[in-house]
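Below are the chains, spelled out letter by letter.
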Amino acid sequence: MASKKLATGLAGLAVATHPHHTLGVLYGKTLRCLQKMPADSAYRKYTEQIITERNNLVKAEPDVAKLEQAINCGQIEEVIIQAGNELSLARKMLEWKPWDPLVQEPPKGQWNWPL
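What comes next concerns the included structure. As the structure is a prediction and not an experimental result, all values here were calculated from the model. (Residues numbered from 1 in each chain as written. Predicted model: local features only at pLDDT ≥ 70, side-chain atom pairs only at ≥ 80, totals over all residues. Heavy atoms only, no water.)

Moving on: the pattern of salt bridges. Under the criterion given, the structure shown has 3 salt bridges. We note a salt bridge from Glu 68 to Lys 5, for which the minimum N-O separation is 3.2 Å. A residue pair is termed long-range when its members are at least 10 positions apart, and Glu 68 in helix 3 (residues 64-71) and Lys 5 in the segment before helix 1 (19-34) qualify at 63 residues. By relative accessible area, Glu 68 is classed as buried at 19%. With a shortest N-O distance of 3.5 Å, Arg 44 and Glu 48 are connected by a salt bridge. (Salt bridge = Lys/Arg side-chain N within 4 Å of Asp/Glu carboxyl O. Helix = DSSP H or I, 4+ residues; strand = E, 2+ residues; numbered from the N terminus. Buried < 20%, exposed > 50% of the residue type's maximum accessible area, 1.4 Å probe, protein only.)

Another aspect to go through is the packing of helix 1 against helix 4 (residues 76-96). Working note: a packed helix pair is described by the angle between its axes plus the distance between those axes. Relative to each other, helix 1 and helix 4 sit at 20°, their axes nearing to 9 Å. Overall, the two elements helix 1 and helix 4 adopt an arrangement that is roughly parallel. In the packing of helix 1 onto helix 4, the handedness of the crossing is left-handed. Seen from helix 1, the contacting residues are Pro 19, Thr 22, Leu 23, Leu 26, Tyr 27, Lys 29, Thr 30, Cys 33 and Leu 34; seen from helix 4, they are Ile 76, Val 79, Ile 80, Ala 83, Gly 84, Glu 86, Leu 87, Ala 90, Arg 91 and Leu 94. By residue class, the composition of the contact of helix 1 with helix 4 is 13 nonpolar, 3 polar and 3 charged. (Axes fitted to C-alpha atoms, helices over the stretch in contact; angles between N-to-C directions. Parallel < 35°, antiparallel > 145°, perpendicular 65-115°, else oblique. Left-handed = near helix turned anticlockwise from the far one by under 90°. Contact = heavy atoms within 4.5 Å. Nonpolar A, V, L, I, M, F, W, Y, C, P; charged D, E, K, R; others polar.)

For the rest of this paragraph, the subject is a positive patch on the surface. On the surface, Lys 29, Arg 32, Lys 36 and Arg 91 cluster together into a positively charged patch. With a relative accessible area of 52%, Arg 32 lands in the exposed category. (Patch = residues over 30% accessible without salt bridge, like charges linked within 9 Å, V, L, I, M, F, W, Y side chains within 5 Å. Areas by Shrake-Rupley, 256 points an atom, 1.4 Å probe, with all protein chains shown as cover. Lys, Arg positive; Asp, Glu negative; His and termini not counted. Charge placed at Lys NZ, Arg CZ, Asp CG, Glu CD.)

This part is about the packing of helix 2 (residues 42-60) against helix 3. Remark: helix 2 packs on helix 3, axes separated minimally by 10 Å, with the N-to-C direction vectors making an angle of 160°. In terms of their interaxial angle, helix 2 and helix 3 are classed as roughly antiparallel. In this structure, helix 2 meets helix 3 at a crossing whose hand is right-handed. Packed against helix 2, whose contacting residues are Arg 54, Leu 57 and Val 58, the element helix 3 presents Leu 67, Ala 70 and Ile 71 at the interface. When its residues are assigned to classes, the contact of helix 2 with helix 3 shows 5 nonpolar, no polar and 1 charged.

Mapped onto the elements of the fold, Lys 108 is located in the segment after helix 4. A relative accessible area of 88% places Lys 108 in the exposed class.

Turning our eyes to something else, we now look at unusual backbone geometry. Omega for the peptide link from Trp 113 to Pro 114 comes to -5°, which places this bond in the cis form. Assignment of secondary structure puts Pro 114 in the segment after helix 4.

Of all the residues in helix 3, the buried ones are Leu 67, Glu 68 and Ile 71. Projection of helix 3 onto a plane perpendicular to its axis shows the buried side chains occupying an angular sector of 100°, all on one side. Structurally, helix 3 contributes buried residues whose contacts are with helix 1, helix 2 and helix 4. Two to three positions downstream of the cap, the backbone nitrogen of Ala 65 sits 3.0 Å from a side-chain oxygen, assigning the N-cap of helix 3 to Asp 63. (Arc of directions from axis to C-beta. Polar contact = N/O pair within 3.5 Å; in protein donor to acceptor, adjacent residues only side chain to side chain.)

Right under this line is the structure:
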């Protein structure tokens, strides 16, 4: 049996009791939100790719330590925070609709960089 993680070592970040379930729920909600966006939206395409890959890892790897290594974005508790933040952003993107055309033409030189 694998040893139980006692602490994250990060101030204020408690050990996740059911990380697989939590990530599965967050990734599922994010993927459903992304499905409501146009298929050619860059945000949807790339976020869907990352979330699907991570969701598949969560389903395939029961060992938390190995899952952390496979995802390679910190401890599983940090990955859970990242997943929650991505869900929040996806919902905001759905509201903002950045894929819609501009209401009016931008001022000349608006997108030129460097100035």
